[in-house]
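# Per-entry structural report
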Amino acid sequence: GDATLDEFNELARLLAARNDRERALAVSLRALRSRPNSITLDGAEFHVALALALDRGDLADEAIEAWNGAHEIPGDTLTFANILENMGAPDLALRLIEQSTAYEEGNTVLRLNALRLRAAAGDPTAAFDQLLAWQAQGNLPAAGYALITELGATLGRSDEVLAALG
């Protein structure tokens with residue numbers, strides 16, 4: 001029969017420890033594809049770290065898709081996004097959040113973190129403009145004003161920051 005998820009993950013870790021990262025990634029991918037709804041934070045982090053180390057962002061995306069299929073709690077998504085950002089992959093963290101059900105349903109914390117990640121991933125202008133549009137609607141959370149201030153200062157758009165705060 002087929003190995004259990006724990007057995008797949010243990011084998012992948014042993015292979016990685018022996019510096020056989022390509023085979024470790026293949027085993028991790030097999031586990032992910034065979035049981036996508038069973039993905040754990042530890043397993044997702046391991047898989048993404050291997051994929052990034054081997055310059056296989058396409059395979060890192062599979063962990064994101066599996067995560068969003070199996071986890072609907074916004075706090076869990078935010079935890080994984082923070083891990084991805086700390087790995088130096090704010091673009092993956094942004095995709096994780098934007099593809100989550102809670103984000104699509106308008107979760108304020110995820111929306112705000114997506115804008116912060118958009119800036120970190122290299123598009124601070126778009127993040128700033130989206131924050132200003134959100135503020136103009138009148139329902140920007142208090143934490144959003146700190147991000148407006150930070151991005152406005154970085155972009156040299158302090159007049160717009162003052163108008164938003166006024």
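What comes next is a walk through the structure. Note that the structure is predicted; figures quoted are calculated from it, not measured.

All right, on to the packing of helix 2 (residues 21–34) against helix 4 (residues 57–70) then. Between helix 2 and helix 4, the shortest axis-to-axis distance is 11 Å and the interhelical angle comes to 25 degrees. In terms of orientation, helix 2 lies roughly parallel with respect to helix 4. Helix-helix and strand crossings are classified by hand; for helix 2 and helix 4 the assignment is left-handed. Here Leu-25, Leu-29, Leu-32 and Arg-33 of helix 2 lie close against helix 4, whose contacting residues are Leu-59, Glu-62, Ala-63 and Ala-66. Residue classes in the contact of helix 2 with helix 4 are distributed as six nonpolar, no polar and two charged.

As a further point, take unusual backbone geometry. The backbone of Asn-19 shows a phi angle near 65 degrees, a positive value even though the residue is not glycine. Position of Asn-19 relative to the elements: it lies in the loop between helix 1 (5–17) and helix 2. By relative accessible area, which is 61% here, Asn-19 ends up exposed.

Ile-39, Val-48, Phe-80, Leu-84, Leu-92, Leu-96 and Ile-97 are the most contacted members of the largest nonpolar core, which has 37 residues in total. Of all the elements in the fold, those that place two or more residues in this core are helix 1, helix 2, helix 3 (41–53), helix 4, helix 5 (74–86), helix 6 (90–98) and helix 8 (108–120). Sequence-distant contacts of Ile-39, defined by excluding residues within four places in its chain, comprise Leu-32, Ala-44, Ala-63, Ala-66, Trp-67, Ala-70 and His-71. Grouped together as the second largest cluster of nonpolar side chains are 14 residues, Leu-131, Leu-132, Trp-134 and Ile-148 included.

Basis of the calculations
- Residues numbered from 1 in each chain as written.
- Predicted model: local features only at pLDDT ≥ 70, side-chain atom pairs only at ≥ 80, totals over all residues.
- Heavy atoms only, no water.
- Axes fitted to C-alpha atoms, helices over the stretch in contact; angles between N-to-C directions.
- Helix = DSSP H or I, 4+ residues; strand = E, 2+ residues; numbered from the N terminus.
- Parallel < 35°, antiparallel > 145°, perpendicular 65-115°, else oblique.
- Left-handed = near helix turned anticlockwise from the far one by under 90°.
- Contact = heavy atoms within 4.5 Å.
- Nonpolar A, V, L, I, M, F, W, Y, C, P; charged D, E, K, R; others polar.
- Buried < 20%, exposed > 50% of the residue type's maximum accessible area, 1.4 Å probe, protein only.
- Core = buried A, V, L, I, M, F, W, Y, C linked by side-chain atoms within 4.5 Å.

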